[in-house]
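What follows is the residue order along each chain.
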Amino acid sequence: MRARTKRLWGVGVVAALLIGAVALASVALRQHADLFYTPGLIAEKGHPDAGKRVRVGGWVQTGSLEYGEAADMAFLIEDTSGETVAVSYTGIAPDLFREGEGVVATGRFDEAGNFTAESILAKHDENYEPRELKKAGQASS
């Protein structure tokens, strides 16, 4: 084979490998990408497809947290639009999870529009202070 033919084959192989890698990465990202919704966005555009994994974020509405049997709980997520999304969750909630605080729930809507969370992330403000320091500050005042 001539040098020009070898180069052409090399470029062809590299291009095929590059196209394969891009296709594989796009399939993997599409399968694991969780779309983020707020209650206002859901009210505006409707519920996502049933069974599709999504994230719903906002604040836990004050007075909406209800505990059921064992580790079952239900609560409402609200945002600044005034809309809410009802969430049911089975599991242990994070330490920072409480009414009036930020939360991101990852889960799925069913055909009836009910949201069942698989995991809950509690959000907090950037002013972190360890519990021990808060207790020490309260004791000295």
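Owing to the predicted nature of the structure, the values given are computational and were not obtained by experimental measurement.

Basis of the calculations
- Residues numbered from 1 in each chain as written.
- Predicted model: local features only at pLDDT ≥ 70, side-chain atom pairs only at ≥ 80, totals over all residues.
- Heavy atoms only, no water.
- Helix = DSSP H or I, 4+ residues; strand = E, 2+ residues; numbered from the N terminus.
- Buried < 20%, exposed > 50% of the residue type's maximum accessible area, 1.4 Å probe, protein only.
- Contact = heavy atoms within 4.5 Å.
- Areas by Shrake-Rupley, 256 points an atom, 1.4 Å probe, with all protein chains shown as cover.
- Patch = residues over 30% accessible without salt bridge, like charges linked within 9 Å, V, L, I, M, F, W, Y side chains within 5 Å.
- Salt bridge = Lys/Arg side-chain N within 4 Å of Asp/Glu carboxyl O.
- Phe/Tyr/Trp six-rings, centres within 6.5 Å; stacked < 30°, edge-to-face > 60°.
- Polar contact = N/O pair within 3.5 Å; in protein donor to acceptor, adjacent residues only side chain to side chain.
- Core = buried A, V, L, I, M, F, W, Y, C linked by side-chain atoms within 4.5 Å.

1. Thoughts on the overall build of the chain
Then, number 1: Counting its secondary structure elements, the chain contains three helices and seven strands.
Then, number 2: Each helix (α) and strand (β) of the chain, taken in turn from the N terminus, gives the series α-β-α-β-β-β-β-β-β-α.
Then, number 3: Within the chain, the proportion of its 141 residues that are buried is 23%.
Then, number 4: When contacts within the chain are restricted to residue pairs at least 6 apart in sequence, long-range pairs at least 24 apart make up 48% of them.
Then, number 5: Accessible surface, the chain: about 10100 Å² in total, of which carbon and sulfur atoms supply 56%.

2. Let's talk about a nonpolar patch on the surface
Then, number 1: On the surface, Met 1, Trp 9, Val 13 and Leu 17 cluster together into a nonpolar patch covering about 530 Å² of accessible area.
Then, number 2: On the basis of relative accessible area, Val 13 is assigned to the partly exposed category, the value being 45%.

3. Regarding the packing of aromatic side chains
Then, number 1: Enumeration over the complete set of coordinates arrives at two aromatic pairs.
Then, number 2: Each ring, one from Phe 75 and one from Phe 97, has its centre 5.1 Å from the other, and the planes form 65°; the classification is edge-to-face. Of this pair, Phe 75 sits in strand 4 (residues 72–78) while Phe 97 is found in the loop between strand 5 (84–90) and strand 6 (102–109), placing the two residues 22 residues apart along the sequence. Each member of the pair Phe 75 and Phe 97 is classed as buried.
Then, number 3: With a centroid separation of 4.9 Å and an interplanar angle of 55°, the aromatic rings of Phe 109 and Phe 115 are classed as tilted.

4. A closer look at the side chain of Asp 79
Then, number 1: Residue placement: Asp 79 occurs in the loop between strand 4 and strand 5.
Then, number 2: There is a polar contact of 2.9 Å between the side chain of Asp 79 and the backbone nitrogen of Gly 40.
Then, number 3: Polar side-chain contacts of Asp 79 include one of 2.5 Å to the side chain of Ser 81.
Then, number 4: Excluding anything up to four places from it in sequence, Asp 79 contacts Thr 38, Pro 39, Gly 40 and Trp 59.

5. Comments concerning unusual backbone geometry
Then, number 1: With a phi close to 55°, Ala 70 is a non-glycine residue in the positive phi region.
Then, number 2: Looking at the secondary structure, you find Ala 70 in the loop between strand 3 (66–67) and strand 4.
Then, number 3: For Ala 70, a relative accessible area of 85% translates into the label exposed.

6. Points about the environment of Thr 84
Then, number 1: On the secondary structure map, Thr 84 appears in strand 5.
Then, number 2: In this structure Thr 84 comes out as partly exposed when scored by relative accessible area, which is 37%.
Then, number 3: Sequence separation of Thr 84 and Trp 59 is 25 residues, and the distance between their C-alpha atoms is 9.4 Å.
Then, number 4: Residues within four places of Thr 84 in sequence aside, it is in contact with Pro 39, Gln 61, Leu 76, Ile 77 and Glu 78.

7. Regarding the nonpolar core
Then, number 1: By size, the foremost hydrophobic cluster in this structure holds 20 residues, and its most contacted members are Val 56, Phe 75, Val 87, Phe 97 and Phe 115.
Then, number 2: In terms of residue count, the dominant contributor to this core is strand 7 (residues 115–122) (four residues).

8. Digging into the environment of Phe 75
Then, number 1: The exposure class assigned to Phe 75 is buried, which follows from its relative accessible area of 1%.
Then, number 2: Here the alpha-carbon distance between Phe 75 and Ser 88, two residues 13 residues apart in the chain, equals 6.7 Å.
Then, number 3: With near-sequence residues (within four places) excluded, Phe 75 lies in contact with Val 60, Ser 64, Leu 65, Val 85, Ala 86, Val 87, Phe 97, Val 103 and Ile 120.

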